[in-house]
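Take a look at the letters that make up each chain.
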Amino acid sequence: MDDIGSLDVRWIQGFTNKCIEFVDNKTVCYTCGSHICFLNLETKKQSVLQSPGRGIGALTANSKNGTFAFSEEKLSPSIFVYSFPELQLKNELKGAAQTDYKSLTLSESGPYLGCCSSFPDYTITVWNWEIAEPLCTQPQAGQDVISLVFNPLNWLQLCALGTTTLTVWNIEKSDSFHVLKPSVIELPANDGSFIERLVPPSHTVSDKLPYFGLEMPPTAISGLKGNKAESIVTKLCTKARVTPTAICWTATSELYVGCEESFLLLVDPDSLSASVLFNPTTADATPELRHGNFQGLTLDKSGLIAVGKESVVHCLQIKGSQIDITHTWQLEGPVTTVMYSPDHEILLLSSNTGQIYVLNPTESDNFVKVLDVLCGNFVAAHLSHTGGNICVSVRDSGELQLWSADGTILGSLSLQTEVTSMACCPIAHYAAVGTASGNVLFIDLNMEHLPRLVHQVHLYPTPVDHLVFDQEGHYLLTTASDSHIYVLDAKPSNRFSVIGYTVVPGSILSLSTQCVRDCEQVKVLALCNGQELTVFSLPAKNLAGPDCVDRHGCLSAHILKVSRYEVPHPLDSCVLGVSEVFANCREKKTLQRFQLPQDTESLSSQQVVQLEPEQEVGGHPLGPTSLALSPNQLWLASVGRDGLLRIRETTNMEQCLELQSHSRRLGGVQSVSFSADSQTLLTAGFRDGSLLCTDLRFKGVDADKVNRAAQYSQCLDNFLKNIFRTENRILIAMPEWGQGIHTGAERTEESECCYPLQVSGGVEALDVTEQDESYSSLLSAPPSHPTWLESRREAVIKDDNEQYSEAKSNMKKTFKELRDNIQEMMRENENLPDLERLPQKEFNLFTEEQKRLGAMVEQEVKRVRNEVEWEILANCYLRDVLKRECWDSMKVKGKAIKAFYSEHEVKNYPLRERTEKEVEDLLRVENIRKLEKAACTQSSLKKNSDTTSPKEGEPGKESLEAETPVVTGSFSAQLGYSNPYIYDQFCLQTTEQRINQIILLQDVIYRIKTAFNTDFEAVHRQKVQELNRLKDRNTNIRDITLELDLKDTLWEPSLTSSERPEGLLTVDDSEIKAERYLTPEQKKEKEKKKLEEQKRLAAKDDNDKDRALDDMMEGVLEVKKEDILKIEIPPPEFVLTKPEIQWNEEEKKVYKDYEKKTKELNEEKEKYKKSLETEMKKLQASNKEATERFDETLTKLFEKKVKCEMAIYQEELKNTYLVYSVLIEDEMRNRELELKLKLEKTLAYKDELVEEVKRHEEDVELFQETYESVVAEDKVLDKEFSKEFFDVPNHVVDLLYKLFKRRPRVQKMRTETDNNLSLFKEQRLCSSMAPDALGKMLKAMEELDAPENIPEAVSQPVWERFCLVRNTKVKSEHKVKVKAFTFAEMQAFLHKRRDEVHATQQEIKHLSEGLESLHEEKNRSLTDIMVQVLLKQGQVEVYTTELTPDYTDCVHLHRTVVEDLNRTIRTLGDQKIASMVECKDFRKGIIRQQWEHRMLTMQIEDFNNKARDAQMLRLSEEQQDYLNKTDHGSRVSHQVHILEKTVAFQEKTHRQSVQHRIKKIEQLKRQAAMKAEKNTTVEEKLPNMQVTMAETSHIYGGLASEANLAAREQKRYQEIVQRKNLEEFARAQGEELAFLWAEVERLRMKSFPSLDQLKHN
């Protein structure tokens, strides 16, 4: 609101390289936040234009006529066109863009502007900005457009550079009608080759049908339809193309195109051809240009300037396809933009890192850096409290910068760490910087060009969120996300020591302070959790005492005097005033003022007081909002993400000053701060990288408030002056961090590592990094480095350990003795009886600790068990899914049967259950076939009843023949698995029949597989039975081997996993090697079963009958025959006790009986063994016979599997042919729809063109009538010339008529020399493009009308009348020329439209022919059916005329006759082959001779060309002289003589120059001696003069009064005002002078001739 005051932009800094353009020969403009900066490259002065809208979008400029245009950032944005240097709005263009503009461009050939809008319309529009009317638009044409560039020679050509495409838009006009026509440039592939466009195949009917059907375009195959179908298919089916990144128009209206892949292309927009000038993939490519050196291009006088990703600039000379590097410049870093000034005297480069370089080739060969402000987002910016309004800013990358009062960069320091906050100290010239690693860095700013790091402290493990100094510089307060507020001593004399900390509830959103000098207190306000305000007080002195801070560094509660308040709605920021709080409400979007209670002594620290807002006004629509209070408490500043800066009075917040300081789209404002005098504000953008300094001017404020603000600032300066001097002196004396010598305590308390810093002053950067080991670490603290609080706690623990070490050792000994006693008691307790024994828990002295540890263990076990259970559950779910999809869904599971004696294996066919749709389709097709067969049978019966044939049995035979495998194409019918409803192969003529046939063939395949699976299951069951029988036989064999005591291994086959696949889904206990885990319930169940088993065994042992049976008869009642081998007859006892000579007769008789029984038993054993062996051999033979018989059965099954496979493959092959034919037909249908759609669109387009042509024909006819009338009027002037001078003699009339026809040549009036070295020569402008042509002609006619040109025979009145008539004629001629050009333009436009109509008609004809041929091919594909015929192996298909031979006329011959005939035929055949070989060799010789003849002919032609080149070779005079003269020695001696003369002359000149310099030195020495004498005289008088000066100053100081001081101040104020007025007047005069110079230059340029015009005149 201007009635309150204003916010004037003092300066703005920041550079994003988004867009930079020349506005005149010496000035460039670029965007900076919501402003446009203008930088004079010579004086380096900067001016600013604030956007009249909301933000700055796209920017462009035209340096030829001093105009620039930009768009705003809002919905439905406008484009503003301004003039430079007046900065006056020329016009505002309101287009149809909905969101934003991506690119703007101004034409150098006229008042034309091209723009491309963003989402969603993507419209390219060409405007006439003088009349604010759009000439032509093209919607949905700029989806990937990056930039637009007009052709400098022809505004009717506009190049659109896209992310992957390059398009040249031609503007075609007819009178006032304009239209945009695109021309897409085909770019090469990544390897440099050019890709041919996908051309749809022609649809002409051929004699032979391709084997695999018709060839269809990809769009028909994919089934895509619509406008984007072809483009999508083209992208998918072609190789990747190069990516254009930079374009540059040439002087011949061609385009240089630089690509990201380091290609350089030359594009001809007229022929739409692109040629590769540089290919980095070739072997002979220049190595310096292979790595992305064409990211920026501009045209030079001698070639092309190219910049790229590297820090190198190349000047290229291009001759044809040859590229040579003529010059190379090395820069500090990579640049992205390159351009020449309009006069081609200054080469400008800009980078993404905030630098601008210029090069003036006529003055120097080195680049000069004119701007170095760096890039990146600002974190914070503050105005230093010292004099001069020095600005300090810091970026998120750690770049700290110092700016002067006029916005000039003074110095910078690279902290090389991520920064989160910053604050400036009011009592010393330093800044505190918070980092993301939790460090607080202290930067000395006394040397503005060389700031340095003097101290740092590590406070937090998280980023530092807030840094705040109080107004008098007592303390520095810091916060982070851990809710700790640290209080640091802000004085350098106290080494920035950490005093202590306090903890507030919740996260801290805002922190502010207020210093109350009367109470010597510093009040601190912290906003916690959005709704809680915590206020505490700190004494201004003596805060570091033991009563104030405990051993751990925590501030005492009685010192802080904490008060807690709660507000009704959440806040996002607040500031503390004098007994009041200003805050921004997040929910209500309002600014609120709260009054704090005066009496807070009675409130406890835990009591929460409810606050209500006393005043509430509207705030920022976009949050979060930041607030700042001026040092004099009069102004409140607020900023938000909307980019607005608002200033309000604290006493009345209703009215405010508002300024759009930063871009709303880029996040608005990051921070705001006041200067010490509250008259200057500094804001930093959130993501726009700009820093804005504004001056605050209030109009309606009382003078008392202004004086009070000035007095407050002066009073504060006086109060802090002595402190500032003292502390600043100590700060300057502090060593740079890492270079000074620190005490042990300091190194323990604070960080002990130093960091590499990059310091820059002004423009050039100075590297002050030390090379020692202390500078090898980073600024961010390492993870092992403790914070200040952790170090403090460690120190406290260390002190406690040292203090109580003896007591701790005594306690440890006592604990050890107690533990030993308890363990002894536990051992004694174990030996006591059960009644006297105490439970285990009675010996636990720390039951609670044991329970806690047990709970922790149980919790960890529970967590691990849950994780395992979840993992098991996931695996079970995956198992169930796989089982359901791959096992349960199968009607027939996949199995195999293996042979017993070989690796032969037969597998079945896994089958799924038929779906309901498949069964329904099959039933439907079968019903259709039933109806078709019934109808066919009915018709055949009717035909047979009407006509009786003598061969009635032939139809049956034909039907039988039709069903043979040769005709049906498969063996399925022979196998008995055919479907009776299968179509005949020769009857499939419709798509429905083919689809039905596919369903029936699938059923046949299913039947074959099902039938085979039935046989497979029978064989599988047979194998299972055989295995069971084999198992029983093996059991008998095993028993026999045991009885015979044999150790032979048995062959025991079993089912494998492939034969029993269901076994894979279950896991046996034997497969698990780990010990099984049992739950407590399972353990109880196992113990119960074990007890039951023990009881059962005990009961069994008590059975007397069983025990007696085992003891007497070994557990059996009778002896089996199988046990005969175990029977042994024991010898008599006397055999073992007595020798044979001592036996008596009875004993001998007993022994003979023993021998007889033993012999009989052995014979029985031998017989039994032989019977067992015979039985075992029979069992083994039975096993072998059964397995071999099964293998034979399996072989038969395999043979059947082979036949089934053959039948299945045959049916699948037929099915594949049918599916392919259906797909081909579907593709043909898609192609037909595509052609019809194209035909409809082409017809509609043709109708539009016809209507347009008719309309333009009418316009041309009307204009032709106008043109003819103008021509007739012009001829009438010729005819009526003599009538105008009827009163003049005839000879005078003839003389005047000659003068009447005379015209000045305007182009000759220009000077022959043109100081403008522009590479783009002025185009010959037609009358419609040069509106000042008539003025130039009339101005030239004024010279012919001058009185000195009056002929002698003509009087003055007649001459004046003649001049009027001649001027009328000149105007008429100019009008005729204008009309003629417009008429020719309209005719050309009409001719192009007629050509388009003709091309459209040709396209319609082509599409119609394509549709017709497609229909023919479609009908042919339906009738020309592919059938499958079975042939025997080795049999070849031949064409025969008669299938059945006729033997009625045969003659019987002897076999020898036929053999002789065959022998003769073979002999003649060999002779023919020999002659053919000889002919072939002779023909080879003829071809070789022809080839040699052609080679010799080419050599002759080559020699003739070389002779012609030698004859046409042009030699210079020097070369001819060298060739003609034979005496080369005299020539060389002559050249040597000339060189000797030249050397002698140069030596003479050098001696003269040396003598001149010696004389000059002597003269300077004499002058120096004279100056020394004068200095000596002055030094002798200096003491007396100093004494006199001191006395005079003392007397004058004693006599001075307040009135004199006031007068002096008023005088000084008047001088300042006068100086400011003079500066403004000088600036205005300078701008006016610059404008006049520009106007003089423009008028001077008008008088220069154009070579193009000279050629045409």
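Values in this document were obtained by computation on a predicted structure and should not be read as measured data.

Rules used throughout
Residues numbered from 1 in each chain as written. Predicted model: local features only at pLDDT ≥ 70, side-chain atom pairs only at ≥ 80, totals over all residues. Heavy atoms only, no water. Core = buried A, V, L, I, M, F, W, Y, C linked by side-chain atoms within 4.5 Å. Buried < 20%, exposed > 50% of the residue type's maximum accessible area, 1.4 Å probe, protein only. Helix = DSSP H or I, 4+ residues; strand = E, 2+ residues; numbered from the N terminus. Contact = heavy atoms within 4.5 Å. Pairing = 2+ DSSP bridges. Axes fitted to C-alpha atoms, helices over the stretch in contact; angles between N-to-C directions. Phe/Tyr/Trp six-rings, centres within 6.5 Å; stacked < 30°, edge-to-face > 60°. Lys NZ or Arg CZ within 6 Å of the ring centre and 35° of its normal. Patch = residues over 30% accessible without salt bridge, like charges linked within 9 Å, V, L, I, M, F, W, Y side chains within 5 Å. Areas by Shrake-Rupley, 256 points an atom, 1.4 Å probe, with all protein chains shown as cover. Salt bridge = Lys/Arg side-chain N within 4 Å of Asp/Glu carboxyl O. Lys, Arg positive; Asp, Glu negative; His and termini not counted. Charge placed at Lys NZ, Arg CZ, Asp CG, Glu CD.

Engineer: A description of the nonpolar core should follow, citing residues and the corresponding values.
Structural biologist: Residues Leu41, Leu348, Ile356, Ile647, Leu681 and Leu691 are the most contacted members of the largest nonpolar core, which totals 45 residues. Per-element tally for this core: the top contributor is strand S57 (residues 691-698), with four residues. Apart from the residues lying within four places of it in its own chain, the contact partners of Ile647 are Leu7, Trp635, Leu636, Ala637, Gln655, Cys656, Leu657, Phe674, Leu681, Leu696 and Phe698. Core analysis: the second largest hydrophobic core is formed by 29 residues, Ala428, Val440, Tyr460 and Phe469 among them.

Engineer: Describe the sheet that holds strand S19 (residues 255-259), naming the residues involved and giving the relevant values.
Structural biologist: As a general point, the strands of a sheet are linked pairwise by backbone hydrogen bonds and lie either parallel or antiparallel. Strand order in the open sheet formed by four strands is S18-S19-S20-S21, and the pairing between neighbours is antiparallel. In this open sheet, the two edge strands, each paired with only one partner strand, are strand S18 (244-249) and strand S21 (273-278). Averaged over all pairs of adjacent strands, the angle between strand axes in this sheet comes to 25°, irrespective of strand direction. Pairing of S19 with strand S20 (residues 264-268) involves four bridges; the strand directions are antiparallel. Directly across from Tyr256, in S20, lies its bridge partner Leu266.

Engineer: Quick one: what's the story with the packing of aromatic side chains, residue by residue and with numbers?
Structural biologist: Taken as a whole and judged by the stated rule, the model has 31 aromatic pairs. The interplanar angle of 75° and the centroid separation of 5.8 Å between the aromatic rings of Phe177 and Phe1389 together place this pair among those described as edge-to-face. Placement of Phe177 in strand S17 (residues 177-184) and of Phe1389 in helix H21 (residues 1356-1423) is noted, with a sequence separation of 1212 residues between them. Taking the relative accessible area as the measure of exposure, Phe177 reaches 31% and is therefore partly exposed. Measuring from centroid to centroid gives 5.3 Å for Trp1359 and Phe1362, while their planes differ by 35°, and the two rings are tilted. Taken together, the positions of Trp1359 and Phe1362, both in helix H21 and three residues apart, correspond to about one turn of that helix. Like Phe1362, Trp1359 is buried. Site record: aromatic cluster; members linked through ring pairs are Phe38, Phe68, Phe70, Phe80, Tyr82 and Phe84. Of note, Arg914 hangs over the ring of Tyr1006, and the distance from its end group to the ring centre comes to 4.0 Å. Seen from the ring of Tyr983, Arg929 lies directly overhead, with NZ or CZ sitting 3.9 Å from the centre.

Engineer: Describe the sheet that holds strand S55 (residues 669-674), naming the residues involved and giving the relevant values.
Structural biologist: Strand order across the open sheet formed by four strands is S1-S57-S56-S55, with antiparallel pairing between neighbours. Each edge of the sheet is formed by a strand with only one pairing partner; in this case those strands are strand S1 (5-13) and S55. For this sheet, the mean angle separating the axes of adjacent strands, direction not counted, is 25°. Of the strand pairs in this sheet, S1 and S57 are connected by eight bridges, and their pairing is antiparallel. Bridge pairing in S57 links Gly5 to Phe698.

Engineer: Give a description of a negative patch on the surface that names residues and reports values.
Structural biologist: There is a patch of like negative charges on the surface, built from Asp175, Glu1258, Asp1259, Glu1261, Glu1265 and Glu1268. Topologically, Glu1265 is positioned in helix H17 (residues 1145-1279).

Engineer: So what's going on with the pairing of strand S54 (residues 656-660)? Which residues, and what values?
Structural biologist: Burial within S54 is extensive, with four of its five residues counted as buried. Where strand S53 (residues 644-649) lies against S54, five bridges are found, and the strand directions are antiparallel. From the neighbouring strand, Leu645 faces S54, where its bridge partner is Leu659. With antiparallel pairing between neighbouring strands as the criterion, S53 and S54 make up a hairpin whose turn holds six residues.

Engineer: Tell me about the side chain of Thr534, residues and numbers included.
Structural biologist: Note that Thr534 resides in strand S44 (residues 532-539). If sequence neighbours within four positions are ignored, Thr534 has contacts with Val504, Pro505, Val524, Leu525, Ala526, Cys528, Val562, Ser563 and Arg564.

Engineer: Please give an account of the pattern of salt bridges that cites residues and values.
Structural biologist: Tallied over the entire structure, the rule returns 53 salt bridges. Taking the shortest distance from any N to any O, the salt bridge between Arg241 and Glu186 comes out at 3.3 Å. Taken together, the positions of Arg241 in the loop between helix H2 (229-237) and S18 and Glu186 in the loop between S17 and helix H1 (218-222) put the pair 55 residues apart, joining distant regions of the chain. Of the charged contacts in the structure, one is a salt bridge between Arg646 and Glu658, with a shortest N-O distance of 2.9 Å. Separated by 12 residues along the polypeptide, Arg646 in strand S53 and Glu658 in strand S54 bring together distant segments of the chain. Residue class for Arg646 comes out buried when judged on its relative accessible area of 11%. A relative accessible area of 44% means that Glu658 is categorised as partly exposed. Each of Glu172, Lys181, Arg1393 and Glu1396 takes part in salt bridges that share partners, so that together they form one network.

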